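# Observations on chain architecture
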Amino acid sequence: MDAPHESPTEGNKPKAERKGFWRSTFDWRMSPAELAEQVSGYSSLGIGKSYRKLSAMLWLLTVAITALIGPWLMKMDWIAVISNTVIYSGLAIPCFRGHRWAFVLSMALWTIEKGYFLLESVASPGTSAVGGRLVTSVIWWAIYMGVFWKALTVERVRRRDRPSMAAID
């Protein structure tokens, strides 16, 4: 025991290294300790620590923001708001359950949506603050993609390390 408040088991447990906001936004790699923490605490980690749960919460956040400000500030029609709600809420469930295909689909949809938003912003005449929209879109894209990528990485490791059914028979 190195410190008086540390139990004997805490000294041996690898701690996941935490990165700063900017580094974690654009660096999607996970340390071996962080990956081990995600795999070992798969069921017990809270919403703010589990990447699969955080992926689902990000989709629900997107639904909430779109529903609250989409029709008014973003000038979206109600059909687009409802379709986003159905698609992203529906995708939150398999993300929460840890389906790898859901994370791949999430990355593809989020990239398409942000790419379309960027093209629409640049192509629209009379759009003010295009540069701010570009930077904001890239930051939001990177935050979501980092979470989706890390969740996919955890699921791939869990699948790789799972004992095969043939070995059990």
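Residues numbered from 1 in each chain as written. Predicted model: local features only at pLDDT ≥ 70, side-chain atom pairs only at ≥ 80, totals over all residues. Heavy atoms only, no water.

### Brief notes about the overall build of the protein
We count it as follows: Put simply, DSSP marks the helices as runs of H or I at least four residues long and the strands as runs of E at least two long, and each gets a number from the N terminus on. Residue exposure (1.4 Å probe, protein chains only): buried if accessible area is under 20% of the type maximum, exposed if over 50%, otherwise partly exposed. In what follows, residue pairs with any heavy atoms lying within 4.5 Å of each other are defined as contacts. What sets the accessible areas is the Shrake-Rupley method with a 1.4 Å probe; for residues, cover comes only from the shown protein chains.
What the protein contains, in helices and strands, is 8 helices and 0 strands. Every one of the 169 residues in the protein was classed for burial, and the buried ones make up 34%. For the protein, restricting intrachain contacts to residue pairs at least 6 apart in sequence, the fraction spanning at least 24 positions comes to 58%. Of the roughly 10,900 Å² that the protein leaves accessible, carbon and sulfur atoms contribute 66%.

### A look at the pattern of salt bridges
Cut-off, in case you're wondering: Any Lys or Arg side-chain nitrogen found within 4 Å of a carboxyl oxygen on Asp or Glu counts as a salt bridge.
Within this structure, the stated rule accounts for 2 salt bridges. In this structure, Glu155 and Arg158 form a salt bridge, with 3.5 Å as the shortest nitrogen-oxygen distance. A residue pair is termed a helical-turn pair when its members lie 3 or 4 positions apart in one helix, as Glu155 and Arg158 do in helix H7 (residues 130-161) at 3 residues. Overall, Glu155 belongs to the buried group, its relative accessible area being 6%. With a shortest N-O distance of 3.1 Å, Asp161 and Arg160 are connected by a salt bridge.

### Let's talk about a positive patch on the surface
Applicable threshold: What makes a patch is a set of residues exposed beyond 30% relative accessible area and free of salt bridges, joined within 9 Å when like-charged and within 5 Å when nonpolar (Val, Leu, Ile, Met, Phe, Trp, Tyr). Charge assignment: positive for Lys and Arg, negative for Asp and Glu; neither His nor the chain ends contribute. In this description, the location of a charge corresponds to atom NZ of lysine, CZ of arginine, CG of aspartate or CD of glutamate.
Taken together, the side chains of Arg100, Arg156, Arg159 and Arg162 make up a positively charged region of the molecular surface. Along the chain, the position of Arg162 falls in the loop between H7 and helix H8 (165-168).

### Digging into helix H4 (residues 51-69)
An α-helical segment advances 3.6 residues per turn. Residues three or four places apart therefore align on the same side. Our working rule: Expected helix span is taken as 1.5 Å per residue step, with the number of steps being one fewer than the number of residues.
The terminal C-alpha atoms of H4 lie 26 Å apart, and with 19 residues this matches the ideal 27 Å at 1.5 Å per residue to within 8%. Residues of H4 that are buried include every one of Tyr51, Arg52, Lys53, Ser55, Ala56, Leu58, Trp59, Thr62, Val63 and Thr66, and no others.

### Some details on the packing of aromatic side chains
Put simply, the test is: Within 6.5 Å between ring centres, the rings of Phe, Tyr and Trp (the latter by its six-membered ring) count as paired, and their orientation is classed by plane angle as stacked under 30 degrees, edge-to-face over 60, tilted in between.
Overall, the coordinates contain 8 aromatic pairs when judged by the stated rule. Ring centres 4.4 Å apart and planes at 15 degrees place the aromatic pair Trp59 and Tyr88 in the stacked group. Highlighted residues: Trp59 in helix H4 and Tyr88 in helix H5 (residues 78-97), separated in sequence by 29 residues. A relative accessible area of 0% means that Trp59 is categorised as buried. The class for Tyr88 is buried, based on a relative accessible area of 5%. Each ring, one from Trp59 and one from Tyr144, has its centre 6.3 Å from the other, and the planes form 75 degrees; the classification is edge-to-face. Of this pair, Trp59 sits in helix H4 while Tyr144 sits in helix H7, and the two are 85 residues apart along the sequence. We note that Trp59, like Tyr144, is buried.

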